[in-house]
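Listed below are the residues making up each chain.
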Amino acid sequence: MANQTSAKNPFLKYLEDNHYEIFASAICNFVKNHPNSISDKLKNIVEIDDITPEELDFKMCWIEDSDSLDIKFEVAIAVNLTIEGYSSRVSESENVFKWWLVGAEGNLEKKFQNLQITYVDEYNQKSKPSKPLSSELVPIIKANEYEKYATDILNKYYPEALKNAIAPDMNVLVEALGLKLAHHGITQDSSIFGQAYFADTETELYSIKDSCYVKKNVTKNTIIVDTRANSLYSLGCEKMTIAHECIHFILHKKAFEFARLYEKADLRRVQCLVKGGIKDISDTSSTAWMETQANGIAPYLVMPTSSLEYRFNELVKNYESIDKKFVLLDRIEDIIYQLSEFFHVTKSAVRKRLVDIGVYEAAGTHVFVDGHYVKPFKMPKEALENKQTYTIS
């Protein structure tokens, strides 16, 4: 039975439309086995004979993220039950309204056909998943958690990137994830950086050599990068694009699979646009989350803090050894350039990561006002909020 709450929550709406009877049966069985759970709601009945679920209102859900497509979740359900039973003298019928907390698990790849109820209990408080997912199965990640997620990814799939002060090779991460990487033109106008394929697909890709679109069969778990699009935008973008697409596979495969299941759409790939966003997918808050997360976590994968700090300090020491009057602000743009060459990323990406680790001299670099270059300048950390800047002419 649909209700306003579940209609606004895709996961609840899906459960209500497809697995209503499983939850109803589980709650009724729990009450039969634990009659004391509703004894305070009954006026006359002292012995329960039969229980009929009249209405289940799926109110809230809490979903736990995992490394696989197995989903564990809890649902708060407001239930109207008709209780048939006996008082001290005669048979009676009473209505009971109560909230229940139901735990369940299933597999997205199996389209929840293996859905199992793990427990039923009286609802008393909200659950707190350690790694929560949204109602569209997108991870709920705060900006200050991006580095932790990147570190967890590297620890699991590419630990060498954290043990040594190296520039992580995204090809190694691709291989560790069991993905395939291919380079090919994607669109004629170079409007798409990269594509992540979650299912086998026959698609059209732009052939730069032949100046036309050609049909290609692309297998699932493939990343296609348009080298021309990346190079046209800025040198060093390609490595970040690969990291970006890897994050979609690691964090967003569940959301993609659920969208296919819930919306019954033939979604097979994610196309990441140069201008931001995902092509052919509605610009919802969840889509924005996925792109924000991929954009936010990728720099930490490509430039882990330990490697960045080591290389930065190494360059500073080198400059100090040859110039006793060394001032960081005078050399910061040279250092940014050398770091961008070492990590194979853009100077803009290095600049942002240096500010992340407390090198605030980087914030006033590579500034142009009305087409004119502005020499590096420094300001107190608290002078501006994030994404703000200023110049004095």
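The structure contained in this document is the topic of the report that follows. As the structure is a computational prediction, the values presented were derived from the model and not from experiment.

**Considering the pattern of salt bridges**
Stage number 1. With the rule as written, the count across this model stands at ten salt bridges.
Stage number 2. A salt bridge links aspartate 65 to lysine 254, with the shortest nitrogen-to-oxygen separation between them at 2.9 Å. Here lysine 254 lies in helix H9 (residues 253-262) and aspartate 65 lies in the loop between strand S1 (47-64) and strand S2 (70-86), a separation of 189 residues in the sequence.
Stage number 3. Here lysine 98 and glutamate 122 are joined by a salt bridge, their closest N and O atoms 2.6 Å apart.

**Examining the packing of aromatic side chains**
Stage number 1. For the coordinates displayed, the defined rule picks out 17 aromatic pairs.
Stage number 2. Here phenylalanine 30 and tryptophan 100 contribute two aromatic rings whose centre-to-centre distance is 5.7 Å and whose plane-to-plane angle is 70°, an arrangement assigned as edge-to-face. Of this pair, phenylalanine 30 sits in helix H3 (residues 20-33) while tryptophan 100 sits in strand S3 (residues 91-107), and the two are 70 residues apart along the sequence.
Stage number 3. Ring plane angle 45° and centroid distance 5.4 Å describe the contact between tryptophan 99 and tyrosine 123, whose orientation is recorded as tilted. In this pair, tryptophan 99 sits in strand S3 while tyrosine 123 sits in the loop between strand S4 (116-122) and strand S5 (132-133), placing the two residues 24 residues apart along the sequence.
Stage number 4. Among the residues examined, tryptophan 99 registers a relative accessible area of 28% and is labelled partly exposed.
Stage number 5. Taking relative accessible area as the criterion, tyrosine 123 reaches 22% and is therefore assigned partly exposed.
Stage number 6. Grouping aromatic residues by their ring pairs yields a cluster made of Phe11, Tyr14, Phe73, Phe112, Phe258 and Tyr262.
Stage number 7. Between the NZ or CZ atom of lysine 98 and the centre of the ring of tryptophan 100, over which it lies, the distance is 5.2 Å.
Stage number 8. Taking NZ or CZ as reference, lysine 131 lies 5.2 Å from the ring centre of tyrosine 149, over its face.

**A look at the sheet that holds S3**
Stage number 1. Here five strands make up an open sheet; going across it, the order is S4-S3-S2-S1-S5 and the pairing antiparallel. Both outer strands of the open sheet, S4 and S5, are each paired with one neighbouring strand and no more.
Stage number 2. In this sheet, S4 lies alongside S3 in antiparallel orientation, the contact comprising six bridges. Counterpart to glycine 103 in the pairing with S4 is tyrosine 119.
Stage number 3. In the packing of helix H2 (residues 10-18) onto the sheet, the strands contacted are S1 and S2, and the crossing angle to S1 comes to about 150°.

**Quick look at H2**
Stage number 1. Here H2 lies mainly inside the structure; seven of its nine residues are buried.
Stage number 2. Turning to H2, its buried residues are Pro10, Phe11, Leu12, Lys13, Tyr14, Leu15 and Glu16.
Stage number 3. If you check the start of H2, you find a side-chain oxygen 3.1 Å away from the backbone N of phenylalanine 11, and it comes from asparagine 9.

**Brief notes about the packing of H2 against H9**
Each pair of packed helices gets described by two things: the angle between the helix axes and the distance between those axes.
Stage number 1. Across the interface, H2 lies against H9 with an axial gap of 11 Å and an inter-helix angle of 45°. In terms of axis orientation, H2 runs oblique to H9. In the packing of H2 onto H9, the handedness of the crossing is left-handed. Contact with H2, carried on its side by Pro10, Phe11, Lys13 and Tyr14, involves Phe258, Leu261 and Tyr262 of H9 and no other residues of that element.
Stage number 2. When the residues that make up the contact of H2 with H9 are grouped by side-chain class, the tally is six nonpolar, no polar and one charged.

**Section: the nonpolar core**
Stage number 1. In terms of nonpolar packing, the biggest core is built from 49 residues, with Ile297, Leu301, Phe312, Leu339 and Leu354 touching the most fellow members.
Stage number 2. For this core, the secondary structure elements donating two or more residues are helix H4 (146-157), helix H6 (170-176), strand S10 (222-225), helix H8 (237-251), helix H10 (285-302), helix H11 (305-322), helix H12 (328-343) and helix H13 (347-356).
Stage number 3. With seven residues, H8 is the largest single contributor of residues to this core.
Stage number 4. Of all hydrophobic cores here, the second largest spans 40 residues; its members include Val31, Ile63, Phe73 and Phe258.

**Brief notes about the pairing of S10**
Stage number 1. Side chains of S10 alternate between two faces, with Thr222 and Ile224 and Ile223 and Val225 buried alike.
Stage number 2. Summarising the sheet, strand S6 (residues 180-183) and S10 pair through four bridges and their orientation is parallel. Within S10, the position partnered with alanine 182 by the bridge is isoleucine 224.
Stage number 3. Two elements, strand S7 (residues 192-197) and S10, share four bridges in a ladder whose sense is antiparallel. Looking at the pairing, tyrosine 197 lines up with threonine 222 of S10.

**Things to note about H9**
Stage number 1. Of all ten residues in H9, seven are buried, a share of seventy percent or more.
Stage number 2. Of all the residues in H9, the buried ones are Lys254, Ala255, Phe256, Glu257, Phe258, Ala259 and Leu261.

Parameters and conventions
- Residues numbered from 1 in each chain as written.
- Predicted model: local features only at pLDDT ≥ 70, side-chain atom pairs only at ≥ 80, totals over all residues.
- Heavy atoms only, no water.
- Salt bridge = Lys/Arg side-chain N within 4 Å of Asp/Glu carboxyl O.
- Helix = DSSP H or I, 4+ residues; strand = E, 2+ residues; numbered from the N terminus.
- Phe/Tyr/Trp six-rings, centres within 6.5 Å; stacked < 30°, edge-to-face > 60°.
- Buried < 20%, exposed > 50% of the residue type's maximum accessible area, 1.4 Å probe, protein only.
- Lys NZ or Arg CZ within 6 Å of the ring centre and 35° of its normal.
- Pairing = 2+ DSSP bridges.
- Contact = heavy atoms within 4.5 Å.
- Axes fitted to C-alpha atoms, helices over the stretch in contact; angles between N-to-C directions.
- Polar contact = N/O pair within 3.5 Å; in protein donor to acceptor, adjacent residues only side chain to side chain.
- Parallel < 35°, antiparallel > 145°, perpendicular 65-115°, else oblique.
- Left-handed = near helix turned anticlockwise from the far one by under 90°.
- Nonpolar A, V, L, I, M, F, W, Y, C, P; charged D, E, K, R; others polar.
- Core = buried A, V, L, I, M, F, W, Y, C linked by side-chain atoms within 4.5 Å.

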